[in-house]
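Commentary on secondary and tertiary structure
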Amino acid sequence: MPAKVDMDKIVSLCKRRGLIFPSSEIYGGLASCWDYGPMGVELKRNVRDAWWKSIVHERDDVVGLDTSIMMHPGVWAASGHIDSFTDPLVECKSCHLRWRADAIEGKGCPKCGGELTEPRMFNLMFKTSMGPVEEEASTIYLRPETAQGIFVNFDNVITTSRKKLPLGIAQIGKSFRNEITTGNFIFRTREFEHMELEYFVKPGTDEEWLDYWVKERFDWYVKLGVRKENLRLRQHGKDELAHYARDCYDIEYLFPMGWSELEGIANRGDFDLIQHAKCSGKELSYYDNEAGEKYVPYVIEPSAGVDRSVLAFLIDAYDEEEIEGEKRTVLHLHRSLAPIKVAVLPLSRNEKLTPLAKEVFNKLCPNFVTDYDDSQSIGRRYRRQDEIGTPFCVTIDFESLEDKQVTIRERDSLAQIRVPVEELDKILAAKLRGEAFDASPLWATREK
Ligand SMILES: [Zn+2]
């Protein structure tokens, strides 16, 4: 097993190749905030799409939802976030740094050894006000999870979707947590993107469904390229369960800083629906036609972070190899996650090659995310595509002008096949679906 890459190399690659930049960098940056660049925005969208496809589109028992970030403040009173979504905070009396009391060892300040204040509970929700006149405006919160938008729409979805339980409602969107300590690149940030599923089930079947979703979610990461040996499951102890949870598993990943949570899968029981029914005065239950009974469903919640998943996929894809005495850095990203699927590279910037190369690009770009690059040497352009994980490069050379064939180079094996321009999009589509690279029947058409 290759040694774990250190985080600095990932951060540096992300900066160099336009994946992720520090936020507001020209002003010196803003702590724990990051911006996704031209390659990063594609990678992040692909992670989201892969989740949505597996959770919503490939099943008939889950529907999607997109709710607002700002919600009625009553939501957070009912959910327990105003009272219980807190961390114990201590402050150093000498250097005034703040720490999470449960995350430090010993009695003194980890930075300077100074004396610490008594812990006080610090609420992690960001507060703001809504309305034009500040004094009269009401205090509202930026959501710390997308889940509550799902719970308060439970009745709307049940009555309009005409689906039976078990039924899942999925949502992807930004969440905000004013964490006391952040860090490790995009691992823990105060603004992040959540991918959450609330899967409503009949009470009594909840434990089975928890096991089911733990397995489903674990397998999702493996299918998309995270190495199995870098994943493990950890069940929460009774003392660390969140205020709403009956049971919870973390899928942990071996990040460069050690094993850390990648995703939590919780059994929230009927806590949320009961609370919202009580506080809103609206009944939130389900009438089971087959059983002829009414009940408040239990809910299983797989809750993942887009950014954290991006980081894990990047780390396990990263590799430094030696090819014929030369070092190459490559991202072995799963083809569905790669920001660019195909790069069109004329052998050189040449007025004879450009028209055909442009023709090939124009033919491919409606179907695949395609990059066109004719600057610098072909070797440097291959290296650039390897570093952003592009699975296929298409090279147009002078022979192509004669025989109307081009060369496809595969990122991982570096194998090359020559194919007719006519057939190019069909062949690439098959390869991107996972067809073996050397199995192409068109290999036989290669003339050399
Ligand atoms: Zn200190």
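See the structure printed just above.
Residues numbered from 1 in each chain as written. Predicted model: local features only at pLDDT ≥ 70, side-chain atom pairs only at ≥ 80, totals over all residues. Heavy atoms only, no water.

Quick word on the packing of helix 1 (residues 7-16) against helix 9 (residues 306-317)
- One can describe the packing of helix 1 onto helix 9 by two numbers: an axis separation of 11 Å at closest approach and a directional angle of 105 degrees. Considering their axes alone, helix 1 and helix 9 lie roughly perpendicular with respect to each other. Only Leu 311, Leu 314 and Ile 315 of helix 9 make contact with helix 1, whose side of the interface consists of Met 7, Ile 10 and Cys 14.
- In terms of residue class, the contact of helix 1 with helix 9 is made up of 6 nonpolar, no polar and no charged. (Axes fitted to C-alpha atoms, helices over the stretch in contact; angles between N-to-C directions. Helix = DSSP H or I, 4+ residues; strand = E, 2+ residues; numbered from the N terminus. Parallel < 35°, antiparallel > 145°, perpendicular 65-115°, else oblique. Contact = heavy atoms within 4.5 Å. Nonpolar A, V, L, I, M, F, W, Y, C, P; charged D, E, K, R; others polar.)

As for the environment of Leu 89
- With respect to the secondary-structure elements, Leu 89 resides in strand 4 (residues 86-91).
- Residues Leu 89 and Thr 117, 28 residues apart in the sequence, show an inter-C-alpha distance of 8.8 Å.
- Setting aside anything within four residues of it in sequence, one finds Leu 89 in contact with Arg 98, Trp 99, Glu 118, Pro 119, Arg 120, Phe 122 and Ile 180.

What to know about the pattern of salt bridges
- Taken as a whole, this structure holds 41 salt bridges when the rule is applied.
- In this structure, the salt-bridge partner of Asp 316 is Arg 227, at a minimum N-O distance of 3.9 Å. On the criterion of sequence distance, the pair formed by Asp 316 in helix 9 and Arg 227 in the loop between helix 7 (206-223) and strand 11 (231-235) is long-range, its members being 89 residues apart.
- Look at Arg 227 and you get partly exposed, because its relative accessible area is 26%.
- The residue Glu 252 makes a salt bridge to Arg 234 at a minimum N-O spacing of 2.9 Å. Residue Glu 252 is found in strand 12 (residues 247-255), and its partner Arg 234 is found in strand 11; the two are separated by 18 residues along the sequence. (Salt bridge = Lys/Arg side-chain N within 4 Å of Asp/Glu carboxyl O. Buried < 20%, exposed > 50% of the residue type's maximum accessible area, 1.4 Å probe, protein only.)

As for the coordination of the zinc ion
- Summarising the metal site, the zinc ion is bound by the protein donors Cys 92 (SG), Cys 95 (SG), Cys 109 (SG) and Cys 112 (SG), whose distances to it range over 2.3 to 2.4 Å.
- Given 4 donor atoms and angles of 102 to 121 degrees at the metal, the environment of the zinc ion is assigned as tetrahedral.
- Read in sequence order, the donor residues for the zinc ion give the motif C-x2-C-x13-C-x2-C. With a gap of 17 residues between them, Cys 95 in the loop between strand 4 and strand 5 (98-100) and Cys 112 in the loop between strand 5 and strand 6 (120-123) connect regions that are remote in the sequence.
- What makes Cys 95 partly exposed here is its relative accessible area of 31%. (Donors = N, O, S within 2.8 Å, 3.2 Å for Na, K, Ca; no water. Tetrahedral: all angles 85-135°; square planar, octahedral: opposite > 155°, others 65-115°.)

Some points on the sheet that holds strand 4
- Strand order across the open sheet formed by 3 strands is 5-4-6, with antiparallel pairing between neighbours. The open sheet has two edge strands, strand 5 and strand 6, and neither has a second partner. Neighbour-to-neighbour, the strand axes of the sheet open up by a mean angle of 50 degrees, direction not taken into account.
- Judged from the 4 bridges that link them, strand 4 and strand 6 form a sheet pairing that is antiparallel. (Pairing = 2+ DSSP bridges.)

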